[in-house]
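Close look at the chain arrangement
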There are 2 protein chains.
Amino acid sequence: MSTNPASKNRQGTTRRRLLLSGGAAGVGVLGTLSAQQLFAPSSAAETRTPLNGEEYIPFFGDHQAGITTAPQAHALFVALTLAPDTDGAGLKRMLRLISDDAARLTQGQPALADTEPELAQNPARLTITFGVSRKAVQLAGKQPPKWLQELPAFSIDRLEKRYSGGDIFIQFASDDPLIVAHASRMILKDARRFASISWSQRGFRRAHGSVAAGTTMRNLFGQVDGTSNPQPSDPDFDALVWEPQGWLRNGSSVVVRKISMDLDKWDELDRSGREQSVGRFLSNGAPLTSSPNDPAAEFEVPNFETTTAGGLKVIPEFSHVARSRSAVPGERILRRSYNYDDAATGSEVSNAGLIFISYQADVDRQYVPLQRRLDELDLLNQWTTPIGSAVFAILPGCHEGGFVGETLFG
Amino acid sequence: MSTNPASKNRQGTTRRRLLLSGGAAGVGVLGTLSAQQLFAPSSAAETRTPLNGEEYIPFFGDHQAGITTAPQAHALFVALTLAPDTDGAGLKRMLRLISDDAARLTQGQPALADTEPELAQNPARLTITFGVSRKAVQLAGKQPPKWLQELPAFSIDRLEKRYSGGDIFIQFASDDPLIVAHASRMILKDARRFASISWSQRGFRRAHGSVAAGTTMRNLFGQVDGTSNPQPSDPDFDALVWEPQGWLRNGSSVVVRKISMDLDKWDELDRSGREQSVGRFLSNGAPLTSSPNDPAAEFEVPNFETTTAGGLKVIPEFSHVARSRSAVPGERILRRSYNYDDAATGSEVSNAGLIFISYQADVDRQYVPLQRRLDELDLLNQWTTPIGSAVFAILPGCHEGGFVGETLFG
């Protein structure tokens, strides 16, 4: 986590915190609370090792946080449906309000009129990221990008309305689940006048500090998941992730797919069968053409030409890694997925899967061709079923004094 | 967390790990995996700072782990209903099987025939704690304690069957949510032949390392929750928590209550009103007769006699702290509760509350009188509703070669 340049410890943001505090922390329900009361435990703490909770991700910037931020352990994804009487002006009021909440909460400050101000402290890298649907863009009087619509129907989809669609997208992510609970409540309370919850999905990765920083996550199939992500240092990264022009300049898009994973059926497969279906070793995530014992081999490039003595491809042509790989470099996406493990009932042992999240500049150019290939043929499809789907435009970032969504109204 | 004497780092358990490894890691689905492959990342790690994930809680002992263990960040509570054809012998087979799973998983070892062995690594203080119902005890041919039954009906209860009852209780707790997901799946798979899931509830506290070790948790009302817990160093601790004799010797009991918290209604109350209803300051959890500014004041004893200039009690007589306090020292309980924050839908903003968990030697002697007082009168009842309830006998611990539950069959 310390390798993430966007992450700052308390020291680095003291000035911003004081500014925000002067502007707001003394008003509203906090009337009788001094800043000393609210922040006593933290201000006494400068002499010791900072806690995980004291890591802050800046809210303001050209891009929104929570996209290139190293993924936090916990995330809550929420889609809102705009109320029938919410017009463009209402949408603007709502975005201004919840953007202000996010600016405070991500810096460990209570939201305006925060009823549980103590739960805002130690935000543990909280980021809050906003997106909008075609309908919301049109409500604001702007031209939606062509790709801002439902994905084409894929044959593998078994989509349920309760996990699909929506007008406003909010991604809450923090290394601390209590922070996610409080931040989401504060923002959903402020949004309630304008919109209701369409769906919400809760996901997790390994805990902060549980495994070495930079370790690629594993999904509940035990697979290393997300190895070949574009890196911010890649020369084409900006073109892959950020919209270059118009009101969405410096924004992006998100594809959210709830993918049910049939763990029972997966467990019937032997280890080699699993590795063949993915094209990677389970031990270290390395392609089957590399070594299963070398941790660094995870990042080696798969060799799709290598054959066995018997003349078979070492990495099966229908494996997930072979099918998802594109010859076109511009077709890559930035994945930021989370596991889910919802309550199982009765004879069920698991109700689990992946909240697939990808960020990309253009859904039609980058995500759709990839998904078409996987839909057509991917060994993994035997154990996975998409049950939810949504696409949103991810708004550009904003600077102090502005709000996320302001370019919709410029 | 480092203050917990039961917690050991990797170094401290190397011998046990190797023993277990020699006994099991080379068989089953792991056939082709060398120990080196499985544990390569960890064995290379001895020279660096241990990760949170590398903290292990011993499984074997007179008492089960997960009771006096400093509460982990994540917990999953599961109740199973025994299948109609599961007899005493079947119950014994099941307990032996899942106890063996727990012995391995808590030490970061895959369960026997673990299909995702990599997900067992870095258990992050995983504990797995087992309990049984009256019916299960009778099935084993033993005499259940008198208190092992449904709680008496309380007037505030609005119990739902989907959160109540059950024959077998399992508490999974770890600082890492992925570990909880994997451990629960492994054990529920092994239990499936004998029982089905009656209910499961997922809870959280602040993340490991997010706030200073030993900080009392806050619930979603923002209250410091669990201050006056008995401590293992208290002279009467053993008498409060452990059963002294018979087949349940060194065992305990658990009360599990799912308590819905009406956050919306709570938010309508001003800060002073909230503090009056609890009898403690929200800032630091100190009784209203102590200072709201001194972090150490949380642990000061409330003075129920102090009055204001106007002659009113400073701590209202109907406040939660006044009503829950007993004059009888033996009526105390060991609380180990977790927050829950389930998916909200529609105009709802929260579906949240507390998974109240208490351990005590005797439910009738310790828990019931306290709950009767709170049922009769507790200002907090206006914002909280018990919607689930269950009681289980917590089995004694076991030693290497034995299994949790063995005294049921001795």
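Per an unreviewed UniProt entry, chain A is named Peroxidase, and its organism is Neomicrococcus aestuarii. Regarding chain A, the UniProt comment filed under Sequence similarities (unreviewed entry) reads as follows: "Belongs to the DyP-type peroxidase family." Looking at chain A in UniProt, the text filed under Cofactor (unreviewed entry) is "heme b".

Points about the side chain of S277 of chain B
All names here are of chain B. Among the secondary structure elements, S277 is positioned in helix α8 (residues 271-278). Taking relative accessible area as the criterion, S277 reaches 2% and is therefore assigned buried. When near neighbours in sequence (up to four residues on either side) are disregarded, S277 contacts W266, S319, H320, L379, L380 and W383.

Brief notes about the relation of the copies chain A and chain B
Superposition record for chain A on chain B: RMSD 0.0 Å, screw rotation 180°, translation along axis 0.0 Å. The two molecules are tied by a two-fold rotation axis, judged by turn and shift.

Description of the confidence of the model for chain A
Residues and elements named next belong to chain A. Residue-level pLDDT values for chain A average 88, and 88% of them are 70 or greater. A low-confidence stretch, residues 1-47 (pLDDT under 50), is modelled with 85 contacts involving residues beyond four sequence positions or located in other chains. Complex prediction metrics read pTM 0.88 and ipTM 0.87.

Some thoughts on the interface of chain A and chain B
On the chain B side, the residues contacting the 65 residues of chain A number 65 residues. For the pair chain A and chain B, the summed buried surface comes to about 5200 Å²; carbon and sulfur atoms form 50% of the total. Looking only at chain A, the three residues that lose the most surface to chain B are R185, R206 and R271 of chain A, adding up to 12% of its buried area. For the pair chain A and chain B, the interface holds 16 salt bridges.

Some details on the UniProt feature "domain: Dyp-type peroxidase N-terminal" (unreviewed entry) in chain A
Look at the UniProt record and you will see "domain: Dyp-type peroxidase N-terminal" (unreviewed entry) annotated at residues 64-205 of chain A. Taken as a whole, residues 64-205 of chain A contains 27% helix and 23% strand, while its terminal C-alpha atoms sit 21 Å from one another.

Digging into the packing of helix α3 (residues 88-105) of chain B against helix α5 (residues 177-191) of chain B
Residues and elements named next belong to chain B. Where α3 meets α5, the axes come as close as 9 Å, and the angle between the chain directions of the two elements is 160°. Taken together, the axes of α3 and α5 lie roughly antiparallel to each other. In terms of crossing hand, the pair formed by α3 and α5 is right-handed. Of α5, the residues touching α3 (which contributes M94, L97, I98, D101, A102 and L105) are H182, A183, M186, I187, D190 and A191. Counted by class, the contact of α3 with α5 contains nine nonpolar, one polar and two charged residues.

Brief notes about the packing of aromatic side chains
All names here are of chain B. In this structure the tally under the stated criterion is 14 aromatic pairs over all chains. Where F59 meets F60, the ring centres are 5.3 Å apart and the plane angle is 80°; that geometry is what we call edge-to-face. Accessibility assignment for this pair places F59 and F60 in one class, buried. Ring centres 5.2 Å apart and planes at 25° place the aromatic pair F169 and F392 in the stacked group.

Scoring rules and cut-offs
For every chain, the first residue of the written sequence is number 1, and numbering continues from 1 along that sequence. Here chains are named by letter from A upward and ligands by number from 1 upward, in the order in which they appear as written. Only residues with pLDDT of at least 70 are given local features in this predicted model, and only at 80 or more are side-chain atom pairs given and counted; all residues enter the totals for whole chains, interfaces and linings. The basis for the side-chain values is all heavy atoms of the structure; hydrogens and waters are excluded. UniProt positions are given in the numbering used here, feature names are shortened, and annotations may be inferred rather than shown by experiment. Segments assigned H or I by DSSP are reported as helices when at least four residues long, segments assigned E as strands when at least two residues long, and all are numbered from the N terminus. Exposure categories follow from relative accessible area, calculated using a 1.4 Å probe and restricted to protein chains: below 20% of the type maximum is buried, above 50% is exposed, and the middle band is partly exposed. Whether two residues are in contact is decided by their heavy atoms, any of which lying within 4.5 Å being enough. A least-squares superposition brings the copies together, and it is based on the C-alpha atoms of residues with pLDDT no lower than 70 in both. On a range of 0 to 100, pLDDT expresses the predictor's confidence in each residue. Summed over both partners, the accessible surface that disappears when two parts come together, traced with a 1.4 Å probe, is what is meant by buried area. A pair is scored as a salt bridge if a Lys or Arg side-chain nitrogen falls within 4 Å of a carboxyl oxygen belonging to Asp or Glu. Under this scheme, a helix contributes an axis fitted over its contacting stretch, all axes are lines through C-alpha atoms, and angles between N-to-C directions fall in the 0 to 180 degree range. Between 65 and 115 degrees an angle is taken as roughly perpendicular, under 35 as roughly parallel, over 145 as roughly antiparallel, and anywhere else as oblique. When the near helix sits turned anticlockwise from the far one by under a right angle, the crossing is termed left-handed; a clockwise turn instead gives a right-handed crossing. All residues other than Ala, Val, Leu, Ile, Met, Phe, Trp, Tyr, Cys, Pro, Asp, Glu, Lys and Arg, Gly among them, are scored as polar; the first ten of these are nonpolar and the last four charged. When the centres of two rings from Phe, Tyr and Trp lie within 6.5 Å, Trp using its six-membered ring, the rings pair. Their planes under 30 degrees apart give stacked, over 60 give edge-to-face, and anything left gives tilted.

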